[in-house]
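Close look at the chain arrangement
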Amino acid sequence: MIDTPTKNQRHNLDVVELIRSWSNAVNPDLNTTLSSGSKKANVTLSSQTTVNNADAGTGANSKVNIEASQSAGNGISSQLETERSNVAPLHGDKNFRQQADIDPDSVAGNNSGADDSDFMQALSTVIAYVAEAIFVVNDEGIIEMVNPLAAKIFGDAQQALIGQSWCAFLAEGYRDDYLAKYIGWKNSRGKTFYYGPQEVVIDSAGDQQVDVDLTLSCIPQTRTGARPLFIGVMHDLSHHKSAYQKLQLQACTDALTGLANRHAFDDVLQRCWTQTTGDLQSMSLVMIDVDYFKLFNDRFGHINGDRCLKLIAEQLKAVLPNEQCIAARYGGEEFALILPGCNQLVAELTAKKVQHAINNLAFTELGLHPSVRVSVSQGIAVEKMGEYPSAIALLCAADTALYRAKSDGRNRINTSA
């Protein structure tokens, strides 16, 4: 009868093969040792199969075979423990644990006999070949390992970073948050420490700031065999931040004129009105409409009409009283000026500057006759001392003043009563 290995015996062989494949990258010498372990596993298979298939009456033979099985089993168990110690850092891999069906708490623990230097060497080998920015610090926050990608983010050579406090590279606003969590962990040893994932700013040694997504995880003393270690993983967000900022700018900018678009106008108006009424300050809103713009489009074409709107937008930006004020394209040929902190006098002065600048616009560069001119009508509303119950009410008042200016003959400025 052919001896068939039991489930546990097959499991032991699978474990040996898995450890051999994982250990090749760390220590090729392990293959020789593992081979002898595989032979012991074969002895175990043969002996235990004899016991399993023996007749119940052959007690003596069964006893001998069982003892042989136990001896071989103890040998392979001892061998496995040794090999587990040598590849301790690799046992953190979830897929490895699932394939080998190993309890993670029983692998590479404090009783594994792993030497601290062996653990650090294996850990160093692993992080050196991972395509992520990784660094390792001790329980005092001192850098003990750093791979090339992490060194690039820190802005210094790998060897120069060893022995430095990694916390010194955190931008000031983020350093306090990390230190508070770290001190809390240190005062309650034994608890698991995790930090992140969290967006932080790294003060690079090259006097640059790098936006990164940072995660810190603790390898407890029971796993390292010495003192706790912290593994930091960083993802450089600089490219993503830059792309996000561009998208954010596009989302609130009018593509034709470069002014704030309607979405941005609504947000800023609401925010300014809320702040103004809360502080009992003043703010002004100026609504602007280009007179007879449809006729301009029909006569000179929509391309020249777009160019006309661009020229008007440039004049609006030029007359803003301060950097807190914004000019927006409200829609079509309508524009708006939001003037936080500006009273009626400042608003009326700004509107007169707008009127003068646009009345004097020349369109000869567009190939039009020097006599071609445009004008605008403007309506002003001023919020002071909670006069308007909402930002929409302020907008309606300015819009009403605008259409009164148009009905009065255009090219005029009207202030809401």
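Provided above is the structure to which this section pertains.
My aim in this report is to walk through the structure given alongside it, one point at a time. A quick note: this is a predicted structure, and the numbers were derived from the prediction, not measured.

1. Some remarks on the sheet that holds strand 7 (residues 326-331)
Hydrogen bonds along the backbone pair up the strands of a sheet, which may run parallel or antiparallel. The five strands lie next to each other as 7-8-6-9-10, forming an open sheet whose pairing is mixed. For this open sheet the edge positions go to strand 7 and strand 10 (413-415), each flanked by a neighbour on one side alone. Across the sheet, the axes of successive neighbouring strands diverge by a mean angle of 20°, strand direction being ignored. Across the sheet, helix 11 (residues 262-279) is in contact with strand 6 (282-290), strand 7, strand 8 (334-340) and strand 9 (376-384); its angle to strand 6 comes to roughly 155°.

2. Considerations on the packing of helix 12 (residues 293-300) against helix 13 (residues 302-318)
With their axes 7 Å apart at the nearest point, helix 12 and helix 13 run at an angle of 135° to one another. Overall, the two elements helix 12 and helix 13 adopt an arrangement that is oblique. Of the residues in helix 13, those touching helix 12 at Phe293, Phe296, Asn297 and Phe300 are His302, Asn304, Gly305, Cys308 and Leu309. The class makeup of the residues in the contact of helix 12 with helix 13 is five nonpolar, four polar and no charged.

3. Some details on the nonpolar core
In terms of nonpolar packing, the biggest core is built from 31 residues, with Ile288, Ile312, Leu316, Phe335, Leu337, Val354 and Phe363 touching the most fellow members. At the level of secondary structure, the elements contributing two or more residues to this core comprise strand 6, helix 12, helix 13, strand 8, helix 14 (344-359) and strand 9. In this structure, isoleucine 312 is in contact with Val290, Phe335, Ile358 and Leu361, ignoring residues within four places of it in sequence. Counting residues in each nonpolar core, the second largest holds 28 residues, with Val137, Phe154, Leu170 and Tyr178 among its members.

4. Examining the packing of helix 11 against helix 15 (residues 391-407)
For the pair helix 11 and helix 15, the least separation of the axes is 9 Å and the interaxial angle reads 110°. In terms of axis orientation, helix 11 runs roughly perpendicular to helix 15. The handedness of the crossing between helix 11 and helix 15 is right-handed. When helix 11 is examined against helix 15, the residues Phe265, Leu269, Gln270 and Trp273 are found in contact with a partner set consisting of Ala391, Leu394 and Leu395. In terms of residue class, the contact of helix 11 with helix 15 is built from six nonpolar, one polar and no charged.

5. Regarding the pattern of salt bridges
Counted under the stated rule, the structure contains nine salt bridges. The residue arginine 227 makes a salt bridge to aspartate 139 at a minimum N-O spacing of 2.6 Å. Of the two residues, arginine 227 sits in the loop between helix 9 (221-224) and strand 5 (229-236) while aspartate 139 sits in the loop between strand 1 (133-138) and strand 2 (143-146), which places them 88 residues apart along the sequence. Aspartate 139 sits in the buried class, given a relative accessible area of 7%.

6. Quick notes on unusual backbone geometry
The phi dihedral of methionine 385 falls on the positive side, at around 55°, and the residue is not glycine. Relative to the elements of secondary structure, methionine 385 occurs in the loop between strand 9 and helix 15. Positioned with a positive phi, asparagine 411 is a non-glycine residue whose angle comes to about 55°. Secondary-structure assignment places asparagine 411 in the loop between helix 15 and strand 10.

7. Some points on the layout of surface pockets
Here the second largest pocket is characterised by a volume of approximately 230 Å³. What lines the second largest pocket is simply Asp291, Tyr292, Leu295, Phe296, Arg299, Phe300, Asn359, Val372, Arg373, Val374 and Ser375. The leading source of residues in the lining of the second largest pocket is helix 12, at four residues. Here the residues of the lining of the second largest pocket sort into six nonpolar, two polar and three charged.

8. Some words on the pairing of strand 7
On any regular strand, side chains alternate: one points to one face of the sheet, the next to the other face. The sheet contact formed by strand 7 and strand 8 spans five bridges and is antiparallel. Bridge pairing in strand 8 places alanine 328 opposite alanine 336. From the end of strand 7 to the start of strand 8, which pair antiparallel, there are two residues, and glycine 332 there has a positive phi angle of about 60°.

9. Side note on the packing of aromatic side chains
This structure, assessed with the given rule, holds ten aromatic pairs. Both rings, one in phenylalanine 135 and one in phenylalanine 154, keep their centres 5.3 Å apart while their planes meet at 70°; by these two values the pair is edge-to-face. Remark: phenylalanine 154 occurs in helix 6 (residues 148-154) and phenylalanine 135 occurs in strand 1; sequence separation between them is 19 residues. The buried category is assigned to phenylalanine 154, whose relative accessible area is 0%.

10. With respect to the side chain of lysine 406
The residue lysine 406 is located in helix 15 in this model. Under the relative-accessibility criterion, lysine 406 is labelled buried at 13%. If we skip the residues at most four places from it in the chain, lysine 406 touches Asp289, Val290, Asp291 and Ser377.

11. Focus: the pairing of strand 4 (residues 209-219)
With eight bridges connecting them, strand 3 (residues 194-203) and strand 4 associate as antiparallel partners. Its bridge partner lying in strand 4, isoleucine 202 is registered against valine 210. In textbook terms, the turn of a hairpin is the stretch between consecutive antiparallel strands, and for strand 3 and strand 4 this stretch comprises five residues, one of which, aspartate 207, has a positive phi near 60°. Sheet topology note: the strand 4/strand 5 ladder contains eight bridges and is antiparallel. Its bridge partner lying in strand 5, leucine 214 is registered against methionine 234.

12. Digging into the sheet that holds strand 4
Read across the open sheet, the five strands follow the order 2-1-5-4-3; overall the sheet is antiparallel. Strands at the two margins of the open sheet, each flanked by one partner only, are strand 2 and strand 3. The average angle at which neighbouring strand axes cross in this sheet is 25°, direction not considered. Contacts between helix 8 (residues 172-186) and the sheet are confined to strand 3, strand 4 and strand 5, with strand 3 contributing the most and set at about 145° to the helix.

Rules of the game
- Residues numbered from 1 in each chain as written.
- Predicted model: local features only at pLDDT ≥ 70, side-chain atom pairs only at ≥ 80, totals over all residues.
- Heavy atoms only, no water.
- Pairing = 2+ DSSP bridges.
- Helix = DSSP H or I, 4+ residues; strand = E, 2+ residues; numbered from the N terminus.
- Axes fitted to C-alpha atoms, helices over the stretch in contact; angles between N-to-C directions.
- Contact = heavy atoms within 4.5 Å.
- Parallel < 35°, antiparallel > 145°, perpendicular 65-115°, else oblique.
- Nonpolar A, V, L, I, M, F, W, Y, C, P; charged D, E, K, R; others polar.
- Core = buried A, V, L, I, M, F, W, Y, C linked by side-chain atoms within 4.5 Å.
- Buried < 20%, exposed > 50% of the residue type's maximum accessible area, 1.4 Å probe, protein only.
- Left-handed = near helix turned anticlockwise from the far one by under 90°.
- Salt bridge = Lys/Arg side-chain N within 4 Å of Asp/Glu carboxyl O.
- 1 Å grid on protein atoms, 1.4 Å probe; cavity = no way out; pocket = protein on both sides within 12 Å on 5 of 7 lines; lining within 4 Å.
- Points joined across faces, edges and corners; volume = space filled by probe spheres on them.
- Phe/Tyr/Trp six-rings, centres within 6.5 Å; stacked < 30°, edge-to-face > 60°.

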